[in-house]
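# Coordinates in review
So the chains spell out like this:
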Amino acid sequence: MSNTAKTQTTPGKPISSRTKVMITRRAEQFGLIVVWFVMIGIFGYLQPDTFLTWANLSTILGSQAVLVVVTLGLLIPLTANDFDLSIAYTMTLSSMLIAVLNVNQGVAIGWAIAAAAIAGLVIGLVNGLLITIFRIHSLIVTLGVGTFLHGLTLWLSDSMTISGISPALINAVIVQRLFGIPLEFYYAIGIALIIWYVLEYTAIGRRILFVGRGREVARLSGINTDRVRIGCLMASGFLGALAGVLYTGTQGAADPVSGVSYQLPAFAAAFLGSTCIVPGRFNPWGTTVAVYFLVTGITGLVFLGVSSFIQEMFYGGALVIAVTLSQLVRGRQEQQF
């Protein structure tokens with residue numbers, strides 16, 4: 001009897017252990033999504049006539065497309081273990097460049113957008129070269145470059161908002177809708193899809209992940225780590241410029257200080273997104289979910305009558321919590337600079 005009992009109970013232990021591991025992984029993978037839906041349910045219960053409406057949903061999805069693109073831009077250098085503190089300022093410069101060229105100089109909107117995109121690539125290239133050639137920390141370089149860009153934007157605009165952007169851009173970004181949601185939302189989702197494919201299914205994506213996990217190991221394996229890092233920062237600059245295009249189309253104008261408000265929530269969403277979908281890794285779908293999770297919280301609190309200062313508190317607290325959770329999920333991996 002004792003031998004039979006051993007035979008019956010021994011196989012049960014590994015099955016129970018595997019089940020617990022699976023539950024834990026699923027909880028990490030989809031926990032943020034579950035909390036997001038719970039949050040929607042709570043705010044919907046408290047404000048059913050205003051929060052749970054299609055108009056509010058379409059507004060949330062469409063209005064946050066710029067933040068999604070900025071955060072996706074951050075995601076790429078973060079995956080390679082670099083920071084880009086200049087991306088929000090790149091967005092602002094891109095927006096102002098479009099306004100100056102299109103409104104003040106009469107340049108066609110298509111050429112103005114192309115110039116803004118090229119400017120974003122150049123900014124990313126400058127960041128990458130300064131970091132890799134002179135071995136300066138990415139935080140210092142991108143902060144300095146971002147501050148320089150802010151001054152350049154103020155000079156170009158004479159510290160004034162420029163309105164009168166071509167209606168063609170406004171129509172393509174916010175006026176035209178699909179299922180009642182502005183097209184800018186679908187542009188952001190399309191960018192997330194492209195980044196997901198590159199990171200998951202291409203050789204360059206695997207190199208980026210490898211460089212982010214350990215630069216010295218990647219270098220010894222034959223990967224040109226400097227080239228990968230420069231490419232990531234150029235992609236970040238390009239996406240920052242695209243965010244500026246969307247911002248200009250959304251507002252119909254360019255504001256010389258608009259980018260400042262996007263920096264903190266973008267980092268909060270990027271780190272929070274690394275705790276879900278693909279826990280322990282910066283990933284585009286987790287990032288997108290995190291953006292709308294944070295915005296849902298802000299919107300719900302505003303509907304409840306909470307003062308506007310809660311936005312800064314919410315984003316600041318979310319950033320600290322997100323970084324902490326990200327480190328816990330990644331097993332407290334040592335950051336490599």
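Since we're looking at a predicted model, the values are computed, not measured.

With that settled, the discussion passes to the packing of aromatic side chains. Under the criterion given, the structure shown has ten aromatic pairs. Summarising the aromatic geometry, the rings of Trp-36 and Phe-37 are spaced 5.7 Å apart at their centres and angled 25° between planes, so their arrangement reads as stacked. Taking the relative accessible area as the measure of exposure, Trp-36 reaches 18% and is therefore buried. Judged by relative accessible area, Phe-37 falls into the exposed class, the value being 52%.

Within the fold, Trp-285 resides in helix 14 (residues 284-303). Taking relative accessible area as the criterion, Trp-285 reaches 27% and is therefore assigned partly exposed. For the pair Trp-285 and Ala-172, spaced 113 residues apart in sequence, the C-alpha to C-alpha distance is 24 Å. Beyond its immediate sequence surroundings of up to four residues, Trp-285 is in contact with Ile-189, Ala-192, Leu-193, Trp-196 and Ile-277.

Let us now look at the layout of surface pockets. The computed volume of the largest pocket comes to approximately 330 Å³. In this structure, the largest pocket is lined by 18 residues; those nearest its centre are Ser-63, Gln-64, Val-295, Gln-311 and Tyr-315. Of all the secondary-structure elements, those providing two or more residues to the lining of the largest pocket are helix 3 (54-63), helix 4 (65-79), helix 12 (225-251), helix 13 (260-273), helix 14 and helix 15 (310-329). Element by element, the count of residues in the lining of the largest pocket is highest for helix 3, at four residues. Here the lining of the largest pocket is built from residues that sort into nine nonpolar, nine polar and no charged.

Bringing a nonpolar patch on the surface into the picture now. On the surface, Phe-30, Val-34, Val-38, Ile-42, Tyr-45, Leu-46, Leu-304 and Val-306 cluster together into a nonpolar patch covering about 750 Å² of accessible area. With respect to the secondary-structure elements, Ile-42 resides in helix 2 (residues 12-46).

Reading guide: rules and limits
Residues numbered from 1 in each chain as written. Predicted model: local features only at pLDDT ≥ 70, side-chain atom pairs only at ≥ 80, totals over all residues. Heavy atoms only, no water. Phe/Tyr/Trp six-rings, centres within 6.5 Å; stacked < 30°, edge-to-face > 60°. Buried < 20%, exposed > 50% of the residue type's maximum accessible area, 1.4 Å probe, protein only. Helix = DSSP H or I, 4+ residues; strand = E, 2+ residues; numbered from the N terminus. Contact = heavy atoms within 4.5 Å. 1 Å grid on protein atoms, 1.4 Å probe; cavity = no way out; pocket = protein on both sides within 12 Å on 5 of 7 lines; lining within 4 Å. Points joined across faces, edges and corners; volume = space filled by probe spheres on them. Nonpolar A, V, L, I, M, F, W, Y, C, P; charged D, E, K, R; others polar. Patch = residues over 30% accessible without salt bridge, like charges linked within 9 Å, V, L, I, M, F, W, Y side chains within 5 Å. Areas by Shrake-Rupley, 256 points an atom, 1.4 Å probe, with all protein chains shown as cover. Salt bridge = Lys/Arg side-chain N within 4 Å of Asp/Glu carboxyl O.

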